[in-house]
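Structure at a glance
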Amino acid sequence: MKIAGQFDLAGDIAEIKPLGEGFINDTFVVKTEGDAPNYILQRKNHVIFPDVPGMMENIKAVTEHIKAKVADPMRETLTVIPAKDGKLYVEEDGNFWAVCLFIPDTTSPVRADTPELAYQGGLGTGRFQALLADFDKPLNETIKGFHNIRWRFQQWDETIAADPVGRVAQLQEEISWIESRRKEMLDFWSLVEDGTIPMHVTHNDTKISNILFNKSDGSMLCMIDLDTVMSSTSLNDFGDAIRSYTNTGAEDDRNLDNVEMSMEMFKAYAEGYLHEQKASMVQSELDYLAFSARYITFEQVLRFLMDYIDGDKYYKTAYPEHNLVRTHAQYKLLQSMERQYDEMCRVIRNI
Ligand code: ADP
Ligand code: GN1
Ligand code: MG
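Since the structure is predicted, the reported quantities are computational estimates derived from the model, not experimental observations. (Residues numbered from 1 in each chain as written. Chains lettered and ligands numbered in written order. Predicted model: local features only at pLDDT ≥ 70, side-chain atom pairs only at ≥ 80, totals over all residues. Heavy atoms only, no water.)

1. Quick look at the coordination of the magnesium ion (ligand 3)
- Taken together, Asn210 (OD1) and Asp225 (OD) make up the protein donors of the magnesium ion (ligand 3), found 2.2 Å from the metal. Linking Asn210 in the loop between strand S8 (200-202) and strand S9 (211-214) with Asp225 in the loop between strand S10 (220-223) and strand S11 (230-232), this pair joins segments that are 15 residues apart in sequence.
- Judged by its relative accessible area of 5%, Asn210 is buried. (Donors = N, O, S within 2.8 Å, 3.2 Å for Na, K, Ca; no water. Helix = DSSP H or I, 4+ residues; strand = E, 2+ residues; numbered from the N terminus. Buried < 20%, exposed > 50% of the residue type's maximum accessible area, 1.4 Å probe, protein only.)

2. Some points on the site of ligand 2
- Taken together, 17 residues are adjacent to ligand 2, and Lys207, Glu251, Gln300, Arg303 and Tyr314 come closest.
- For ligand 2, an oxygen atom lies 2.5 Å from a polar atom in the side chain of Tyr314.
- Out of a free accessible area of 440 Å², ligand 2 has 98% covered by protein chains.
- By residue class, the composition of the shell around ligand 2 is seven nonpolar, four polar and six charged.
- Domain assignment of the residues forming the shell around ligand 2 places at least three in each of domain 1 (4-104) and domain 2 (115-350). (Near = heavy atom within 4 Å. Polar contact = N/O pair within 3.5 Å; in protein donor to acceptor, adjacent residues only side chain to side chain. Areas by Shrake-Rupley, 256 points an atom, 1.4 Å probe, with all protein chains shown as cover. Nonpolar A, V, L, I, M, F, W, Y, C, P; charged D, E, K, R; others polar. Domains from an automatic or database assignment.)

3. Quick look at the nonpolar core
- Ile149, Trp156, Phe238, Tyr245, Phe266 and Met344 are the most contacted members of the largest nonpolar core, which has 102 residues in total.
- Looking at this core, the element that brings in the most residues is helix H8 (residues 283-309), giving 14 residues.
- Those residues in contact with Tyr245 that sit more than four places away from it in its chain are Ala112, Leu117, Ala118, Gly121, Thr206, Ile208, Ile211, Phe213, Met265 and Tyr269.
- Within the second largest apolar cluster, 14 residues are counted, among which are Ala4, Ile13, Trp97 and Val99. (Core = buried A, V, L, I, M, F, W, Y, C linked by side-chain atoms within 4.5 Å. Contact = heavy atoms within 4.5 Å.)

4. A few points about the packing of aromatic side chains
- One pass over the structure, following the stated rule, counts 17 aromatic pairs.
- On the basis of an interplanar angle of 80° and a centroid distance of 6.4 Å, the ring pair of Phe291 and Tyr341 is categorised as edge-to-face. Of this pair, Phe291 sits in helix H8 while Tyr341 is found in helix H10 (residues 341-350), placing the two residues 50 residues apart along the sequence.
- Residue class for Phe291 comes out buried when judged on its relative accessible area of 7%. (Phe/Tyr/Trp six-rings, centres within 6.5 Å; stacked < 30°, edge-to-face > 60°.)

5. Brief notes about the site of ligand 1
- Close to ligand 1 lie 18 residues, the nearest being Gln42, Leu101, Ile103, Ser108 and Ser209.
- Contact distances for ligand 1 include 2.9 Å between an oxygen atom and a side-chain N or O atom of Gln42.
- Within the side chain of Asp225, an N or O atom sits 2.9 Å from an oxygen atom of ligand 1.
- Here ligand 1, which alone exposes 550 Å², has 92% of that area covered by the protein.
- Where the shell around ligand 1 is concerned, the elements lending two or more residues are strand S3 (39-44) and strand S6 (95-101).
- Considering only residue class, the shell around ligand 1 consists of nine nonpolar, eight polar and one charged.
- Counting contributing residues, the shell around ligand 1 receives three or more from each of domain 1 (4-104) and domain 2 (115-350).

Written out as structure tokens, the structure reads:
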């Protein structure tokens, strides 16, 4: 209440309730009295995002850019609500808080149950990138080297060497999953570094719970969770979405038999994404589109395992082995992608 009251809200606060299952921030819905709009209040994790003011500037700039182009600017992108002092955040006791408008009559599913939903998700990501294709202001790098596997390997090497909670010895098999793919992943990233694969403004966290769909007809509406909007390769957005939308199990499934990459969902998502993006992509992007799913899923295996080795400091966990369970489930998904890779490439070529 004390925090929410410092933002420029229309209407009096009726209640504040926790929401969502993000791994990083703490999210609340602020309900107001009467006809006033509701709001989303978030405590931004400033350990993970060291420059929250810079991050909020990014979000403001990107959403303003989108608003100028869409038919329904209050629903098709987030609306940042400033504090009463005009800042885009409130800092209190070392924590950073931000508010945006709650967009009603939407759903944010945690898994894709139908190809129609996957298709809509692909449209959503593709459209988001298309709307930002001409965004030309510099963006702050909110997390250093976020999808840069060379940087991730540097962190990885340091974490393995430090072994702060003594878990490395028991994880030799899992560590070999990472090491055996080091070269192919770095080779891919070299193409981004040398400019063969171009940079764009990208979302960087395109899992299904980071997009809102219209409740009425299931159509895509709005990309949310814009904390990681930065300059990167647009392949990462495709790859991360495929990691999420095509998984027949949960990201942290204990039953690995549940986890496979669904080719049906892959095809549907790719059709949606390419519907928006095909015309503006260069050949190198098309060539590596299917690979990007393996790249990001590999990166996710590395990040979950690295956090487990590091003593679970990054991701919120629900139980002590959670990051290891996530590692195994995402590795199963990666293997499923590797097995079906030729077919994934064929699907992309056919579209
Ligand atoms: P986190 O960074 O913790 O993942 P998100 O920004 O993704 O936080 O928000 C968590 C959840 O809250 C989303 O998955 C969605 O269900 C809901 N949500 C977030 N922003 C809005 C919004 N503007 N309108 C409606 N629901 C939202
Ligand atoms: C985190 O914040 P959230 O829950 O949407 C993470 C992503 C991971 C994802 C795995 C800033 O996303 O990179 O892919 O968990 N976000 C950050 O579910 O690290
Ligand atoms: Mg989220």
